[in-house]
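Listed here are the chains, written in short residue letters.
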Amino acid sequence: MKQTAALLYPRSTAARQAVSLDGMWKFRLDPQGSGVAEGWKDGIGAKDTLPVPASFQDFFTDKASREYTGDFWYETEFFVPPEWKGKAVYIRFGSVTHRGTVFVNGAEITRHEGGFLPFAADITEAAHYGGANRLVVLVNNELSETTQPVGRTETKPDGTKIARPYFDFFNYSGIQRPVRLLALPKTTITDISLIPRITGDKAELEYAVETVVGTTVETAVGTVAETEADARLTVLDEEGRVVAEGQGAKGVLSIPNPRLWNVRDAYLYRVWVRLYRDGELLDEWYEDTGLRTVEIRGTEILLNGKSVYLKGFGKHEDADVIGRGYSPAHIKRDFELMKWTGANSFRTSHYPYAEEVYQMADREGFLVIDEAPAVGLFDSTSNFLAANRGQKKVPFFDKPGTAAELLENHLQAVRDMIRRDKNHPSVIAWSLFNEPEDTSDAAVPYFKAVFDAALNCDPQKRPRTFATVLFNRPDTSKGCRFSDFICLNRYYGWYVLGGYDMDIAEQALRNEIEGLKAQNLGKPFVFTEYGADTDGGLHKLPSVQWTQEYQTEVLEMNHRVFDRYDFIRGEQVWAFADFQTGEGIYRLDGNKKGIFTRQRQPKAAAFYLKQRWENLPENYKTPVQV
Ligand code: CKU
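Residues numbered from 1 in each chain as written. Predicted model: local features only at pLDDT ≥ 70, side-chain atom pairs only at ≥ 80, totals over all residues. Heavy atoms only, no water.

Student: For the overall build of the protein chain, give the residues involved together with the corresponding values.
Tutor: Along the protein chain, the regular secondary structure elements total nine helices and 32 strands. Here the protein chain has a C-alpha radius of gyration of 25 Å; the compact-globule value for 626 residues is 25 Å, and the two agree. Along the longest, intermediate and shortest principal axes, the C-alpha atoms of the protein chain span 85 × 70 × 45 Å. By the burial criterion, 61% of the 626 residues in the protein chain qualify as buried. Carbon and sulfur atoms make up 50% of the accessible area of the protein chain, which amounts to about 24100 Å² in all. For the protein chain, the separation between the mean place of its 75 positive charges and that of its 87 negative charges on side chains is 2 Å. (Helix = DSSP H or I, 4+ residues; strand = E, 2+ residues; numbered from the N terminus. Rg over C-alpha atoms; globule rule 2.2 N^0.38 Å. Buried < 20%, exposed > 50% of the residue type's maximum accessible area, 1.4 Å probe, protein only. Areas by Shrake-Rupley, 256 points an atom, 1.4 Å probe, with all protein chains shown as cover. Lys, Arg positive; Asp, Glu negative; His and termini not counted. Charge placed at Lys NZ, Arg CZ, Asp CG, Glu CD.)

Structure (structure tokens):
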């Protein structure tokens, strides 16, 4: 597919131009849904402007705008240089949440479903070269049971739509990640896959480059496609020295004296891919990658053949004012804080994050569990609370009419996520769901399809997993059999047996883990969520729930239990920072389980975690005691 050339991370090189379109764009809500009929594609008729990228919700001072659900429109103007004529010209969106339709100069160019992955609009034909162009984007943020994340959209008696998420984070939306105008060559690199292999002190990088030939030539027999271009690869080390070179679309490069990419000790190689025909450079692009392997063996997670214990967080892309919008400042601050705690990993709960997050994880040596936006595959918004209390379980995957379409969207998200993130050394696993209701038989073919797709798409064949909801155990879950390692979201001491019942909670957690041990699944387990809501200003001695003292006690209790079992190979606290949710009696202006406040300042538990994690070696629990 030609379009995928524009999905590669946008950078300017000798053969490609990437120009940012970020800035203040015109913006207009469309509560009557009249924009299409009124031809807003030719101009949205708005004076109001707001920043792109950002979520739109938290700029406004009225509730109707913040809670707005439905269609809304953006507009901007851009200039295409005359010398781009003859190139392939695209607009690349880092994400448009949850779906968007792109119009350029009044013509519809493309539509895209799914709010957390990039897509590109090919405007080669529609663009005015050497002149101004109007870009209009129709965005929609409604939730349904066929799209991801899952929820529903209700209509109030006065006709206003409201989003009812089946998930615990605010339904932020809009053009949330950077937008770039791209000029690419017509014969172009469309993809590259890298597979590092390490044996002893030798390292190899297997590669496959995909290209399209975009030009035609006149010959005696008519118009034919140009001959294939020739791919050449050059690998540079961090000092910029050439360490390997290759030729041809596929091959294996051997890297002399390799420096491996290790946990919290990263080393990156730059892989340049160049396309030539008759000595002429047609396209060039690079990917920074690392030499490392990931593997599950028995109950261990191995990085470069060595056992690693995950310490870290479940996170969100979430901040004051900008919502879920791309914020390089927050990305930087979050990494500095994670490093300060001694963490080595995080999960991109509950959707793929901005590309720059993975780049920083690559640079900093963090291990990432990369999660698909498949959250809320439950029947109602408070269902996870009900399920937590062991009350009801509503089958989800056998819903007539929705399951097939949901699966299609899910598979697309998984494929796009893996295509985008497959070469990052930091990505050590794919999380393909968060807390699905997977106790009915209908879950089996659905899970199989999703897990198979992940395996097929990933050249590195990374481990696959998903986060299981409390009370859903390997013996009741139909999905766990597919996981290479098992992720547990557990709230002993919070949703289950909190406060003065903490001692009973501890026993209950031990009982659950003893049960897992008895099943002897021979797989590693990672706690991907545990924690307690905590007000950043509240202290009390002795503790009560919601105080900072209590949060630390919950973590200590969990860790006492985790430390007893070697097959527990990781702990990722919920959550890194407080984050916005919908309003309701379960949430105090958002979820307060952050170890840091939403402003990224530490709660008391942060100092406790720092103390623990800085003293846990990366290979904690190795060798495994049997
Ligand atoms: C978290 C049963 C746990 C579900 N888990 C999902 C996550 O998105 C929520 O924020 C629970 C919580 O704090 O309740």
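Student: Any chance you could break down the site of the ligand for me, citing the residues and the numbers?
Tutor: Around the ligand sit 14 residues, and of these Asp-168, His-350, Glu-435, Tyr-495 and Lys-593 come closest. Contact between the ligand and Tyr-495: an oxygen atom at 2.3 Å from a side-chain N or O atom of the residue. One of the side-chain nitrogen or oxygen atoms of Lys-593 is found 2.5 Å away from an oxygen atom of the ligand. Summarising the interface, the protein chains cover 98% of the accessible area of the ligand, which totals 360 Å² for the free molecule. When grouped by side-chain class, the residues that make up the shell around the ligand number six nonpolar, three polar and five charged. (Near = heavy atom within 4 Å. Polar contact = N/O pair within 3.5 Å; in protein donor to acceptor, adjacent residues only side chain to side chain. Nonpolar A, V, L, I, M, F, W, Y, C, P; charged D, E, K, R; others polar.)

Student: Explain the domain arrangement of the protein chain residue by residue, including any values.
Tutor: In many reports, interface size means the accessible area that the parts give up when they come together. Examined at the domain level, the protein chain breaks down into domain 1 (3-184), domain 2 (188-289) and domain 3 (309-513 + 524-614). Distance from the C-alpha centre of domain 1 to the C-alpha centre of domain 2: 33 Å. Between domain 1 and domain 2, the residue contacts involve nine residues of the former and 12 residues of the latter. Here domain 1 meets domain 2 over a buried area of about 920 Å², counting both sides, of which 57% is carbon and sulfur. Broken down residue by residue, the surface that domain 1 buries against domain 2 is led by Leu-8, Arg-11 and Arg-16, which jointly contribute 50%. (Domains from an automatic or database assignment. Contact = heavy atoms within 4.5 Å. Buried area = accessible area lost by both parts, 1.4 Å probe.)

Student: Any details on the state of the cysteines? Residues and values, ideally.
Tutor: Tallied over the full model, the rule gives zero disulfides. Looking at Cys-457, it has no disulfide partner, and the nearest cysteine sulfur is the one in Cys-487, 20 Å off. On the basis of relative accessible area, Cys-457 is assigned to the partly exposed category, the value being 26%. (Disulfide = S-S within 2.5 Å.)

Student: Could you give me a rundown of helix H8 (residues 548-562), with the residues and numbers involved?
Tutor: Taking 1.5 Å as the rise per residue, H8 with 15 residues should run 21 Å; its terminal C-alpha atoms sit 21 Å apart, in good agreement. Burial runs high along H8: 11 of the 15 residues are buried. Within H8, the full set of buried residues consists of Gln-548, Tyr-550, Gln-551, Thr-552, Val-554, Leu-555, Met-557, Asn-558, His-559, Val-561 and Phe-562. In the core, the buried residues of H8 are packed alongside helix H7 (502-519), strand E31 (525-529), strand E32 (568-574) and helix H9 (604-614). (Expected span 1.5 Å × (residues − 1).)

Student: Explain empty space enclosed by the protein residue by residue, including any values.
Tutor: Enumeration according to the criterion identifies five cavities of 30 Å³ or more in this entry. In this structure, the second largest cavity encloses a volume near 190 Å³. Together, 20 residues line the second largest cavity, and Glu-317, His-330, Ile-331, Asp-334 and Val-357 are the ones closest to its centre. Top contributing element to the lining of the second largest cavity by residue count: helix H2 (residues 328-341), with five residues. Across the lining of the second largest cavity, the residue classes tally to nine nonpolar, five polar and six charged. (1 Å grid on protein atoms, 1.4 Å probe; cavity = no way out; pocket = protein on both sides within 12 Å on 5 of 7 lines; lining within 4 Å. Points joined across faces, edges and corners; volume = space filled by probe spheres on them.)

Student: So what's going on with helix H5 (residues 403-421)? Which residues, and what values?
Tutor: Given a rise of 1.5 Å per residue, 19 residues ought to cover 27 Å, and the 26 Å separating the end C-alpha atoms of H5 matches this to within 8%. Summarising the contacts, the buried residues of H5 are in contact with strand E7 (107-113), helix H3 (355-364), strand E27 (367-371), strand E28 (427-434) and helix H6 (443-457).

Student: Could you give an account of the pairing of E28, with specific residues and numbers?
Tutor: Within E28, eight of the eight residues are buried, which leaves it mostly tucked inside the rest of the structure. Across four bridges, the pairing between E27 and E28 is parallel. Counterpart to Asp-370 in the pairing with E28 is Trp-430. Handedness of the β-α-β unit built from E28, H6 and strand E29 (residues 464-468) comes out right-handed. (Pairing = 2+ DSSP bridges. Right-handed = clockwise from strand over helix to strand, strands pointing away.)

Student: Lay out the packing of H7 against H8 in plain terms, naming residues and giving numbers.
Tutor: Taken N-terminus to C-terminus, the directions of H7 and H8 make an angle of 30 degrees; their axes are 10 Å apart at the nearest point. Between H7 and H8, the crossing angle belongs to the class labelled roughly parallel. Crossing angle aside, the handedness with which H7 passes H8 is right-handed. Where H7 approaches H8, its residues Met-502, Ala-505, Glu-506, Leu-509, Arg-510 and Ile-513 are matched on the opposing element by Tyr-550, Glu-553, Val-554, Met-557, Asn-558, Arg-560, Val-561 and Phe-562. Along the lines of polarity and charge, the residues of the contact of H7 with H8 split into nine nonpolar, one polar and four charged. (Axes fitted to C-alpha atoms, helices over the stretch in contact; angles between N-to-C directions. Parallel < 35°, antiparallel > 145°, perpendicular 65-115°, else oblique. Left-handed = near helix turned anticlockwise from the far one by under 90°.)

Student: Please give an account of the sheet that holds E27 that cites residues and values.
Tutor: Around the barrel, eight strands lie side by side as E25-E26-E27-E28-E29-E30-E31-E32; this closed barrel has parallel pairing. When strand polarity is set aside, the average angle formed by the axes of neighbouring strands in this sheet is 25 degrees. Looking at chain direction, E31 and E32 are connected through three bridges and run parallel. The residue of E32 that forms the bridge with Phe-525 is Ile-568. Its contacts with the sheet place H5 against E27 and E28, and it is angled at close to 165 degrees to E28.

Student: Can you explain the packing of H8 against H9? Please cite residues and give values.
Tutor: Where H8 contacts H9, the two axes come as close as 8 Å, and the packing angle between them is 30 degrees. Looking at the two axes, H8 sits roughly parallel to H9. Contact with H8, carried on its side by Gln-548, Gln-551, Thr-552, Leu-555, Glu-556 and His-559, involves Ala-604, Ala-605, Tyr-608, Leu-609 and Arg-612 of H9 and no other residues of that element. Of the residues in the contact of H8 with H9, the class split is five nonpolar, four polar and two charged.

Student: Break down the packing of aromatic side chains for me, citing the residues and quoting the values.
Tutor: Applying the stated criterion to the full structure yields 46 aromatic pairs. Between the aromatic rings of Phe-433 and Phe-447, the centroid separation amounts to 4.0 Å while the plane-to-plane angle is 5 degrees, which identifies the pairing as stacked. In this pair, Phe-433 sits in strand E28 while Phe-447 sits in helix H6, placing the two residues 14 residues apart along the sequence. Each member of the pair Phe-433 and Phe-447 is classed as buried. With a centroid separation of 5.9 Å and an interplanar angle of 65 degrees, the aromatic rings of Tyr-565 and Phe-567 are classed as edge-to-face. Linked through ring pairs, Trp-25, Phe-27, Phe-56, Phe-60, Tyr-68, Phe-72 and Tyr-74 together constitute an aromatic cluster. The ring of Tyr-286 has Arg-11 lying over it, and the distance from NZ or CZ to the ring centre is 4.1 Å. (Phe/Tyr/Trp six-rings, centres within 6.5 Å; stacked < 30°, edge-to-face > 60°. Lys NZ or Arg CZ within 6 Å of the ring centre and 35° of its normal.)

Student: So what's going on with the pairing of strand E22 (residues 294-297)? Residues and values would help.
Tutor: As judged from the four bridges shared by E22 and strand E23 (residues 300-303), these two strands associate in the antiparallel manner. Following the sheet pairing, Arg-297 is matched in E23 by Glu-300. Connecting E22 to the antiparallel partner E23 that follows it, the hairpin turn spans two residues, and Gly-298 within it adopts a positive phi of roughly 55 degrees.

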